[in-house]
Amino acid sequence: MTFTLLFLFISCSTTKRKLIPTANKGGYLLSLNTNFNLSEKNITGRVFDIKTNVLLGGIELTVGCKKTQTNTNGEFSFKLKDFSNGALFIKASGIGYKIVETDFINMKNKNILNIDFYLAEDDRPFINCE
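*Asks:* For the nonpolar core, give the residues involved together with the corresponding values.
*Replies:* Among the nonpolar cores identified, the biggest contains 21 residues, and Ile-43, Leu-88, Ile-90, Ile-115, Phe-117 and Leu-119 are the most heavily contacted of them. At the level of secondary structure, the elements contributing two or more residues to this core comprise β3 (41–49), β4 (60–63), β6 (75–80), β8 (90–93) and β11 (112–119). The element contributing the most residues to this core is β11, with 4 residues. Beyond its immediate stretch of four places on either side in the chain, Phe-117 contacts Gly-27, Tyr-28, Arg-46, Val-47, Phe-48, Leu-61, Phe-76, Ile-90, Ala-92, Val-100 and Thr-102.

*Asks:* Tell me about the packing of aromatic side chains, residues and numbers included.
*Replies:* Summed over all chains, the structure comprises 5 aromatic pairs. Each ring, one from Tyr-28 and one from Phe-117, has its centre 6.2 Å from the other, and the planes form 45°; the classification is tilted. On the criterion of sequence distance, the pair formed by Tyr-28 in strand β2 (residues 27–33) and Phe-117 in strand β11 is long-range, its members being 89 residues apart. For the pair Tyr-28 and Phe-117, a shared accessibility class is recorded, and that class is buried. Both rings, one in Phe-48 and one in Tyr-118, keep their centres 4.9 Å apart while their planes meet at 10°; by these two values the pair is stacked. Taken together, the residues span a long stretch of sequence, with Phe-48 in strand β3 and Tyr-118 in strand β11 at a distance of 70 residues. Residues Phe-48 and Tyr-118 agree in their burial class; the two are buried. Of the aromatic side chains, those joined through ring pairs into one cluster are Tyr-28, Phe-76, Phe-78 and Phe-117.

About the criteria used
Residues numbered from 1 in each chain as written. Predicted model: local features only at pLDDT ≥ 70, side-chain atom pairs only at ≥ 80, totals over all residues. Heavy atoms only, no water. Core = buried A, V, L, I, M, F, W, Y, C linked by side-chain atoms within 4.5 Å. Buried < 20%, exposed > 50% of the residue type's maximum accessible area, 1.4 Å probe, protein only. Helix = DSSP H or I, 4+ residues; strand = E, 2+ residues; numbered from the N terminus. Contact = heavy atoms within 4.5 Å. Phe/Tyr/Trp six-rings, centres within 6.5 Å; stacked < 30°, edge-to-face > 60°.

And the structure:
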């Protein structure tokens, strides 16, 4: 009986988020939450190399007209104060990696978004534009 209860508790408490794939071999994981004490939308996350799982610094992230970059630990954050639209999408891009864009994310009645991006290396040859 004790073993059965322990098994049920462990299996129910370990939820695994599934990578949302994109058209260019990358993807993202997200979770939405609500904090009633916050008046703005908070977006935080990290960016990884999809093959090596290494955190990537210097990756640019764009939400509408706002841009930021990951720090050396691969982390980023946005605070959106005047956000009247209920949906947004985020783009992650960096030199040597393929761009990952999310589908529209419905932020209506939510103000905390945690999202991790997984970028694939861009194996296309560079073009010399001199």
